[in-house]
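Letter by letter, the chains look like this.
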Amino acid sequence: MTVTKNGENITTQSSNIIKLKAYLTNALFKDLQANPSTPGRALEDAKQRLQIFYSKTGLSLPDTIKAQIFQGVLDDLFGYGPIQNLLNDHDITEVMVNGANNVYIERDGKITKTPLKFDDDDHVLRIIERIVLPLGLRIDSQHPTVDARLPDGSRVNAVIPPVAMDGPSITIRKFSHEKLTVEQLLNYASLTQQMADFLKACVVSRLNIIISGGTGSGKTTLLNILSGFIPENERIVTIEDAAELRLQQEHVVRLESRPPNIDGSSAVTIRDLVRNALRMRPDRIVVGECRGGEALDMLQAMNTGHDGSLTTLHANTPRDALSRLETMTLMSGIELPVKVIREQIASAVDLIVQQSRIRDGSRKVTQISEVVGMEGDTVVMTDIFKYEQTISDDGKVSGEFKPTGMRPLFMPRLEMAGFKLKADVFGVGSTDIMGTNRRPSRGK
């Protein structure tokens, strides 16, 4: 912001104002440390003391500039600096800081640049330290990256030089306090009622489901919603890097991985937690995201009586998801022939749900595919639902969810669980068009 006083432009980004703000921040910080406030009075006391320190400078700035400086000081000491207001805005889903002068947000699936700026790179570093230090974490030139979870559940990643070439970077994926429901997904046109009914039947019937998608496509949100279909009488163990899942069931055990200490010891990995979960008598295992060797443990769990497991992974198509599963299994360090790995995948996974972020920023379930079995050395899949999109000349995206006309081979499992989905859900007439040319069942 810029105002004019006595013919001189005054801006909150001018060097003198930055120096004033730094002085006030430092003075107030030292005073609060030397004379702590009583519980519940810290912020009010800080405002009063800040006014005293400002008065001592003898300055008389316009009220608008003064208010912005005061708010900036309070945000630095009690919040997360210039980005605090962005974190308070419930419509913003992601905050991205690329150095001191570039702050971006994601809103409604679209990324835009904000006019906000930090004073300098040191200011960004101070905010990063304010984020990580209360969490018992460390970031410095020897440990230039950190992943953490804020007290409200938001995920934060910070990177500093020498790794970050253009200045320190902060990425915050905000935690939604509102639990999204299937009804809201329907209102957002993320899927159809038939697809929602089908997915509910698959979860209740204890199918093993993988949600695949790119970064920011809404995988965790969909996993949250699908996990809500798990019956109340089942014991659920959730495993995450940063706890984001909010299951409403009563019988839930939440496990979260732990990074190594400063000396590199005492780490607890997702793989450790998956193996431990098998000893906890789970009815369901829900892994927030498979990223590495834990994929093998997850597959083995699915293949040894832990039906109904759910997880997510990064991939752009269901076929890519199978390839990624194969790669992650090889990362386990256990040497297995590729064909054996594919047989494990084909035997364990029942359904892949592809979540995508469309060009217009919307998020949709673009494919639901059944993993049918093996043919030779290849894992065979059949699409059950697909989203067919078109892009007009002016760049507008439109599309339609369509059943493919193929009913899944696991329909008897749905019917045993009490779900008798009509043929028209799958785009089939009164007569089943499957015929006899479908692949054989994998014999689970």
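All figures in this text were calculated on a predicted structure; none of them were measured in a lab.

### Topic: the overall build of the protein chain
Working step 1: Broken down by element type, the protein chain carries 13 helices and 17 strands.
Working step 2: Taking all 444 residues of the protein chain together, 48% fall into the buried category.
Working step 3: Across the protein chain, contacts joining residues at least 24 apart in sequence account for 56% of those joining residues at least 6 apart.

### Observations concerning unusual backbone geometry
Peptide bonds are trans in most cases, and residues, glycine excluded, mostly fall at negative phi.
Working step 1: Along the chain, Pro161 connects to Pro162 via a cis peptide bond; the corresponding omega equals 10°.
Working step 2: Locating Pro162 in the fold gives a position in the loop between β7 (155-159) and β8 (169-173).
Working step 3: Positive phi, normally seen in glycine, also occurs at Asp108, with a value near 55°.
Working step 4: Secondary-structure assignment places Asp108 in the loop between β4 (103-107) and β5 (110-113).
Working step 5: The class for Asp108 is exposed, based on a relative accessible area of 62%.
Working step 6: Phi at Arg281 is positive, roughly 50°, even though this residue is not glycine.
Working step 7: Position of Arg281 among the secondary structure elements: in the loop between α9 (270-277) and β12 (284-287).

### Section: the packing of helix α10 (residues 294-303) against helix α11 (residues 318-330)
Working step 1: Running from N to C, α10 and α11 cross one another at 110°; their axes reach a closest spacing of 6 Å. Considering their axes alone, α10 and α11 lie roughly perpendicular with respect to each other. For the pair α10 and α11, contact is made by Ala295, Leu296 and Leu299 and by Leu325, Met328 and Thr329, respectively.
Working step 2: Split by residue class, the contact of α10 with α11 holds 5 nonpolar, 1 polar and no charged.

### So, the packing of helix α1 (residues 15-34) against helix α3 (residues 63-78)
Describing two packed helices takes the angle between their axes plus the distance from one axis to the other.
Working step 1: Where α1 contacts α3, the axes come no closer than 10 Å and their chain directions differ by 45°. Judged on the interaxial angle alone, α3 and α1 are oblique. For the crossing formed where α1 meets α3, the hand is right-handed. Contacts from Ile17, Leu20, Lys21, Leu24, Thr25, Leu28, Phe29 and Leu32 of α1 reach α3 at Ile65, Ile69, Phe70, Gly72, Val73, Leu74, Asp76, Leu77 and Phe78.
Working step 2: Of the residues in the contact of α1 with α3, the class split is 13 nonpolar, 2 polar and 2 charged.

### Let's talk about α1
Working step 1: Across its 20 residues, α1 extends 29 Å between first and last C-alpha, which sits within 8% of the 28 Å expected from 1.5 Å per residue.
Working step 2: All of the buried residues in α1 are Ile17, Ile18, Leu20, Lys21, Leu24, Thr25, Ala27, Leu28 and Leu32.

### So, the environment of Glu335
Working step 1: By the secondary structure assignment, Glu335 is in the loop between α11 and α12 (338-348).
Working step 2: A relative accessible area of 80% places Glu335 in the exposed class.
Working step 3: Here the alpha-carbon distance between Glu335 and Asn224, two residues 111 residues apart in the chain, equals 34 Å.

### Thoughts on the sheet that holds β7
Working step 1: In spatial order, the strands read β5-β4-β3-β8-β7-β6; together these 6 strands make up an open sheet with antiparallel pairing. Both outer strands of the open sheet, β5 and β6 (145-149), are each paired with one neighbouring strand and no more. Put simply, the sheet's adjacent strands are angled 15° from each other on average, direction ignored.
Working step 2: With 5 bridges connecting them, β7 and β8 associate as antiparallel partners. Following the sheet pairing, Arg155 is matched in β8 by Arg173.

### Some words on helix α8 (residues 219-227)
Working step 1: Among the 9 residues in α8, 7 count as buried, and that is most of the element.
Working step 2: Along α8, the residues that are buried comprise Lys219, Leu222, Leu223, Asn224, Ile225, Leu226 and Ser227.

### Things to note about the side chain of Ser362
Working step 1: Following the sequence through the fold, Ser362 ends up in the loop between β14 (351-357) and β15 (363-375).
Working step 2: The residues contacting Ser362, other than those within four sequence positions of it, are Ser356 and Arg357.

### Some remarks on the sheet that holds strand β17 (residues 397-403)
Think of a sheet as strands paired side by side through backbone hydrogen bonds, with each pair either parallel or antiparallel.
Working step 1: Strand order in the open sheet formed by 9 strands is β11-β10-β12-β13-β9-β14-β15-β16-β17, with mixed pairing between adjacent strands. On the outer flanks of this sheet lie β11 (252-256) and β17, each paired with one strand and no other. Taken over all neighbouring pairs, the strand axes of this sheet differ in orientation by 25° on average, direction set aside.
Working step 2: Judged from the 4 bridges that link them, strand β10 (residues 236-240) and β12 form a sheet pairing that is parallel. Across the sheet, residue Ile239 finds its bridge partner in β12, namely Val287.
Working step 3: The strands that α11 touches are β9 (209-213), β13 (310-314), β14, β15 and β16 (378-391); relative to β16, the one it contacts most, it runs at about 135°.

### Concerning the pattern of salt bridges
Working step 1: Across all of its chains, the model carries 23 salt bridges by this definition.
Working step 2: A salt bridge links Asp140 to Arg138, with the shortest nitrogen-to-oxygen separation between them at 2.5 Å.
Working step 3: Its salt-bridge partner being Arg291, residue Glu289 comes within 3.3 Å of it at the nearest N-O pair.
Working step 4: A residue is classified by how much of its surface remains accessible, and Glu289, at 13% relative accessible area, is buried.
Working step 5: Arg291 gets classed as partly exposed once you look at its relative accessible area, which sits at 39%.
Working step 6: Residues participating in the shared-partner salt-bridge network are Lys21, Asp76 and Asp119.

### Remarks on the environment of Gln68
Working step 1: Topologically, Gln68 is positioned in helix α3.
Working step 2: Separated by 212 residues in sequence, Gln68 and Met280 have C-alpha atoms that sit 53 Å apart.

### Some details on the state of the cysteines
Working step 1: Enumeration according to the criterion identifies 0 disulfides in this entry.
Working step 2: In this model Cys202 remains outside any disulfide bridge; the closest cysteine sulfur is found in Cys290, 19 Å from its own.
Working step 3: Given the relative accessible area of 1%, Cys290 is considered buried.

Criteria and cut-off values
Starting afresh in each chain, residues are numbered from 1 along the sequence in its written order. Per-residue local features are limited, in this predicted model, to residues with pLDDT of at least 70; the limit for side-chain atom pairs, both in listing and counting, is 80 or more; totals at the level of whole chains, interfaces and linings are taken over all residues. Neither water nor hydrogens contribute to the side-chain values; these are computed over all heavy atoms in the structure. A helix here means a DSSP run of H or I that spans at least four residues, while a strand means a run of E at least two residues long, and both kinds are numbered starting from the N terminus. Using a 1.4 Å probe on the protein chains alone, a residue whose accessible area is under 20% of its type maximum counts as buried, one over 50% counts as exposed, and one in between counts as partly exposed. In this description, contact between two residues means that some pair of their heavy atoms is separated by no more than 4.5 Å. To get an axis, a line is fitted to the C-alpha atoms, and for a helix only the part in contact is used. The angle between two axes follows their N-to-C directions and goes from 0 to 180 degrees. Each angle gets one of four labels, with under 35 degrees taken as roughly parallel, over 145 as roughly antiparallel, 65 to 115 as roughly perpendicular, and the rest as oblique. Amino acids outside the nonpolar list (Ala, Val, Leu, Ile, Met, Phe, Trp, Tyr, Cys, Pro) and the charged list (Asp, Glu, Lys, Arg) are all regarded as polar, and Gly is one of them. Each helix crossing is assigned a hand: it is left-handed if the near helix lies turned anticlockwise from the far helix by less than a right angle, otherwise right-handed if that turn is clockwise. How far a helix is expected to stretch is found by multiplying one less than its residue total by 1.5 Å. By definition, two strands form a pair when at least two bridges between them are found by DSSP. By salt bridge we mean one thing: a side-chain nitrogen of Lys or Arg within 4 Å of a carboxyl oxygen of Asp or Glu. The rule for a disulfide is simple: a pair of cysteine sulfur atoms within 2.5 Å.

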